[in-house]
Amino acid sequence: MVARLAHPRVLLALGLFLLGVVLAFHAWSGPSDAMLVPRIVLTLWSGVALAITLVELSRVTGTGSWPLSTLPVLMGAVLIAAIAVASLGFLLASLPLVALTLWLFRLHRPLPMALGTLVIAGGLWFLFHHVLLIRLPTLLTSGAL
Amino acid sequence: MDIILAAVGDAFAWQALLAIVVGTWAGIIIGGLPGLGSVVGLTIFLPFTFGMSTITSMALLIGVYCGSVYGGSITAILINTPGTPQSAATTFDGYPMTQQGRVDEALGWATFASFFGGVLSCVILIFCAPQLAKFAVNFGSIEVFALICLAMMCIVGVSKGSVMKGLVCGMIGFFLSMVGSDPITGADRFTFGSYTLSSGLTLIPVVVGAFALSEIFVRFSSRDDPGAKIPEARLRLPKLGEWFKRWIELVRGSLIGSFIGALPGTGAAAAAFISYATAQKMSPRRDRLGQGEPDGIIASESSNNAVTGSSFIPTLALGIPGDVVTAMMMGAMVIHGITPGVRLMVDQAQTVYSLFVVLIIVNVAMLILSKPSIGLFRYLFRLHQGYVMAAIVMFSFIGAATVRGNPLDLVVAAVTGILAYALRRADYPLAPLVIGMVLGPELESSLRRGLLIKRGDFFELLTHSGISMALFSLLALLIVWTVWSSIAQWRAAARNQPSYD
């Protein structure tokens, strides 16, 4: 039973159920006018997620695993870069992200990687921010970088 | 008449024509790259539209959309790998023709059938959308609520995999649309004290995360590199006599695609397979289907491209998107000042007619641009996958960051991307999530307005008018059918494939 609970499908369904329950409690404790529809939606969410959890539990056999390899590194980099944009500006946050993405997708030769990083991150930033004047978040208040 | 002439003038402005050429050409290329498809194409091009006028920006996006649906057929024929799921049925006869040395002919049929299906569905859109909008003017809050529930149930009911998983994704979408200030009382909801959350979440960062970023994670985890060898190919369009012999197949495929495209939740992939299945029963050359018969390509390609026009019928006339692509197009329309729904035909008639003309020009552009695009695939497939993925990460970030200049949107896109990866791995359909987020605000406001009219009585809400009773009855029937069929599906699955490892 414990082994079944550790299966990623069950964990995901359980996570959705728990999230639904927490949000539903929040909705039921809020003002009744504003929370009318969220209460219906979140109660339904929790109920359906519980049913999915039970179905998944009945179907899985082993602990199962999803081949993650270095995927969490890529996911973490995307999340960190997204958070860093607000304080570092778009260019400085995206340069290491693009370099890491190229490296993780097995582009390990230094010159193509450096050129790719410059063209994809720097080039697109320059195109949008300075040529098309579609402003991206900046580090300096002058807006140059 | 003046409005129509002005609309034609808008659509033929040089900026709009340039946008059509660039969008369609890029759409063909993106659609042809396996795994990318229409949503990623729209994600890449959305940020470019922020400095453009309404018609120019929509011309670019419609070009990308229609081009990408056609582009999927090129790699389906050349290397037996459909660029988009919509073109999967094209491989059945397209690749055998390539193996028989008839690649030029196969590409020609795919191109001509795509053009024919696209144009016919535009004509249907031009006639049907205004009629549907005229009828929909009779809809009040309660009818709109019933219609949204019905559309959402259709989308959940035909979701890939489990209906329950579709339903929970729809609820997540509804919930995401409710974060921020309540539109009626102004009270903060689910902001947890955060000032930045009180302005709510917007659609584009969620779509960027759910489709573009999660696609990168999926591609990374599978390390699926389509490094295939592309055969030498040139386009040979069918001669007049050749297509005249197969006109019934062209019209039938286009009509099937147009009908299915107008239904919420079905989409081009379903249209292509249904059309192919119909051809297997009705084509005079059905015994040769699957062995390199052009009728198979015609059935698949005319129907999947016919969806591009007709999917705009519920989007423009009712404000209800049929699938993720039209949901994203609807989000882009709102950004550019077009409000899809029953008032659109009255308030912004010129814009709507311009969009109709743009759709027709896009299909003509697709026919013209197909020849130079096919040659490019030989070079594109030599490009390292890392460059494509890194560029998609950058475009996703730019798209999310520029929608309203709020850095929170980037975090929303990243978190949605990670969650969407997990959902995709566990076979949860993502379309209900996105469409739930689009329809959520209208669902909520129509329900609350309806309850105000009926003084909070839910039963009176159900029996408000003939239209609402008919819609709620259809909804009840659909729920019963969905529950019934999913129980049957679950029992069959339990018998055949009792467990996951």
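Residues numbered from 1 in each chain as written. Chains lettered and ligands numbered in written order. Predicted model: local features only at pLDDT ≥ 70, side-chain atom pairs only at ≥ 80, totals over all residues.

**Some points on the overall build of chain A**
Line of reasoning, step 1. The number of helices and strands found in chain A is six helices and zero strands.
Line of reasoning, step 2. Secondary structure of chain A in N-to-C order comes out as α-α-α-α-α-α.
Line of reasoning, step 3. In terms of overall dimensions, chain A has C-alpha extents of about 50 × 45 × 20 Å along its principal axes.
Line of reasoning, step 4. Across the 145 residues of chain A, 37% fall into the buried class.
Line of reasoning, step 5. Here the contacts in chain A between residues at least 6 apart in sequence split such that 57% fall between residues at least 24 apart. (Helix = DSSP H or I, 4+ residues; strand = E, 2+ residues; numbered from the N terminus. Buried ≥ 20, exposed ≤ 12 C-beta atoms within 10 Å, placed from the backbone. Contact = placed C-beta atoms within 7 Å.)

**Thoughts on the overall build of chain B**
Line of reasoning, step 1. The helix and strand tally for chain B stands at 22 helices and two strands.
Line of reasoning, step 2. Against the globule reference of 23 Å for 501 residues, chain B gives a C-alpha radius of gyration of 22 Å, in line with a compact fold.
Line of reasoning, step 3. The principal-axis extents of the C-alpha atoms in chain B amount to approximately 70 × 55 × 50 Å.
Line of reasoning, step 4. Taking all 501 residues of chain B together, the buried fraction comes to 60%.
Line of reasoning, step 5. Here the contacts in chain B between residues at least 6 apart in sequence split such that 78% fall between residues at least 24 apart. (Rg over C-alpha atoms; globule rule 2.2 N^0.38 Å.)

**Considerations on helix 13 (residues 294-310) of chain B**
Line of reasoning, step 1. Compared with an ideal rise of 1.5 Å per residue, which puts 17 residues at 24 Å, helix 13 of chain B spans 24 Å between its outermost C-alpha atoms and is within 8% of the ideal.
Line of reasoning, step 2. Of all 17 residues in helix 13 of chain B, 17 are buried, a share of seventy percent or more. (Expected span 1.5 Å × (residues − 1).)

**What to know about the confidence of the model for chain A**
Line of reasoning, step 1. Across chain A, the average pLDDT comes to 89, with 90% of residues at 70 or higher.
Line of reasoning, step 2. The least confident element of chain A is helix 1 (residues 2-5) of chain A, whose mean pLDDT is 74; the most confident is helix 5 (residues 90-104) of chain A, at 95. (pLDDT = per-residue confidence, 0-100.)

**Quick notes on the packing of helix 7 (residues 141-157) of chain B against helix 20 (residues 431-453) of chain B**
Residues and elements named next belong to chain B.
Line of reasoning, step 1. Between helix 7 and helix 20, the least distance of the axes is 8 Å, while the angle of their chain directions is 155°. For the element pair helix 7 / helix 20, the angle class is roughly antiparallel. In this structure, helix 7 crosses over helix 20, and the sense of that crossing is left-handed. Contacts from Ser141, Ile142, Val144, Phe145, Ile148, Met152, Ile155 and Val156 of helix 7 reach helix 20 at Ala431, Pro432, Ile435, Gly436, Leu439, Glu442, Leu443, Ser446, Leu447, Arg449, Gly450 and Ile453.
Line of reasoning, step 2. A breakdown of the residues in the contact of helix 7 with helix 20 according to their chemical character gives 14 nonpolar, four polar and two charged. (Axes fitted to C-alpha atoms, helices over the stretch in contact; angles between N-to-C directions. Parallel < 35°, antiparallel > 145°, perpendicular 65-115°, else oblique. Left-handed = near helix turned anticlockwise from the far one by under 90°. Nonpolar A, V, L, I, M, F, W, Y, C, P; charged D, E, K, R; others polar.)

**A word on the nonpolar core**
Line of reasoning, step 1. The biggest cluster of nonpolar side chains holds 221 residues, and the ones touching the most others in it are B:Val168, B:Val358 and B:Val434.
Line of reasoning, step 2. A per-element tally of this core places helix 6 (residues 103-136) of chain B first, with 17 residues.
Line of reasoning, step 3. Among the domains, domain 1 (2-59) and domain 2 (71-131) of chain A are the pair contributing at least three residues each to this core.
Line of reasoning, step 4. Filtering out sequence-adjacent residues up to four positions away, B:Val434 remains in contact with B:Gly173, B:Val206, B:Val207, B:Ala210, B:Val324 and B:Ala327. (Core = buried A, V, L, I, M, F, W, Y, C linked by C-beta atoms within 7 Å. Domains from an automatic or database assignment.)

**Focus on the domain arrangement of chain A**
Line of reasoning, step 1. Looking at chain A, the domain boundaries give domain 1 (2-59) and domain 2 (71-131).
Line of reasoning, step 2. A straight line from the C-alpha centre of domain 1 of chain A to that of domain 2 of chain A covers 36 Å.

**Some words on the interface of chain A and chain B**
Line of reasoning, step 1. Each partner contributes to the interface: chain A provides 60 residues, whereas chain B provides 49 residues.
Line of reasoning, step 2. Mapped by element, the contributors of at least two residues to the side of chain A that touches chain B are helix 2 (8-28), helix 3 (36-59), helix 4 (71-88), helix 5 and helix 6 (110-131) of chain A.
Line of reasoning, step 3. Classifying every residue of the side of chain A that touches chain B gives 47 nonpolar, nine polar and four charged.

**So, the packing of helix 3 (residues 37-45) of chain B against helix 15 (residues 324-335) of chain B**
Residues and elements named next belong to chain B.
Line of reasoning, step 1. Orientation of helix 3 relative to helix 15, taken along the N-to-C sense of each, is 20°, at an axis distance of 9 Å. One element, helix 3, and the other, helix 15, form an angle in the roughly parallel class. Crossing angle aside, the handedness with which helix 3 passes helix 15 is left-handed. Side by side, helix 3 and helix 15 meet where Ser38, Val39 and Leu42 of the first sit next to Val324, Val325 and Met328 of the second.

**A word on helix 15 of chain B**
All names here are of chain B.
Line of reasoning, step 1. With twelve residues, helix 15 should cover 16 Å at 1.5 Å per step; its first-to-last C-alpha distance of 17 Å lies within 8% of that length.
Line of reasoning, step 2. Of all the twelve residues making up helix 15, ten are buried; the element is thus mostly covered by neighbouring parts of the structure.
Line of reasoning, step 3. Here helix 15 has its buried residues at Val324, Val325, Thr326, Ala327, Met328, Met329, Met330, Gly331, Ala332 and Met333.
Line of reasoning, step 4. A positive phi of about 85° marks Gly337, the residue just after helix 15.

**Details of the environment of B:Ile74**
All names here are of chain B.
Line of reasoning, step 1. Relative to the elements of secondary structure, Ile74 occurs in helix 4 (residues 54-79).
Line of reasoning, step 2. Given 31 C-beta atoms within a 10 Å radius, Ile74 is considered buried.
Line of reasoning, step 3. For Ile74 and Tyr95, which are 21 residues apart along the polypeptide, the C-alpha to C-alpha distance reads 10.0 Å.
Line of reasoning, step 4. Not counting residues up to four positions away in its chain, the partners in contact with Ile74 are Gly32, Gly83, Leu107, Ile374 and Phe377.

**What to know about the environment of B:Arg495**
Line of reasoning, step 1. With respect to the helices and strands, the residue B:Arg495 is situated in helix 22 (residues 466-496).
Line of reasoning, step 2. Between the alpha carbons of B:Arg495 and B:Cys169 there is a distance of 26 Å; along the sequence they are 326 residues apart.

**Some words on unusual backbone geometry**
A negative phi angle is the norm for most residues apart from glycine, just as the trans form is the norm for most peptide bonds.
Line of reasoning, step 1. At A:Arg106, a residue that is not glycine, the phi angle is positive and equals roughly 65°.
Line of reasoning, step 2. Among the secondary structure elements, A:Arg106 is positioned in the loop between helix 5 and helix 6.
Line of reasoning, step 3. On the basis of neighbour count, A:Arg106 is assigned to the exposed category, with 11 C-beta atoms found within 10 Å.
Line of reasoning, step 4. The phi dihedral of B:Arg455 falls on the positive side, at around 50°, and the residue is not glycine.
Line of reasoning, step 5. As for its placement among the helices and strands, B:Arg455 is situated in the loop between helix 20 and helix 21 (458-462).

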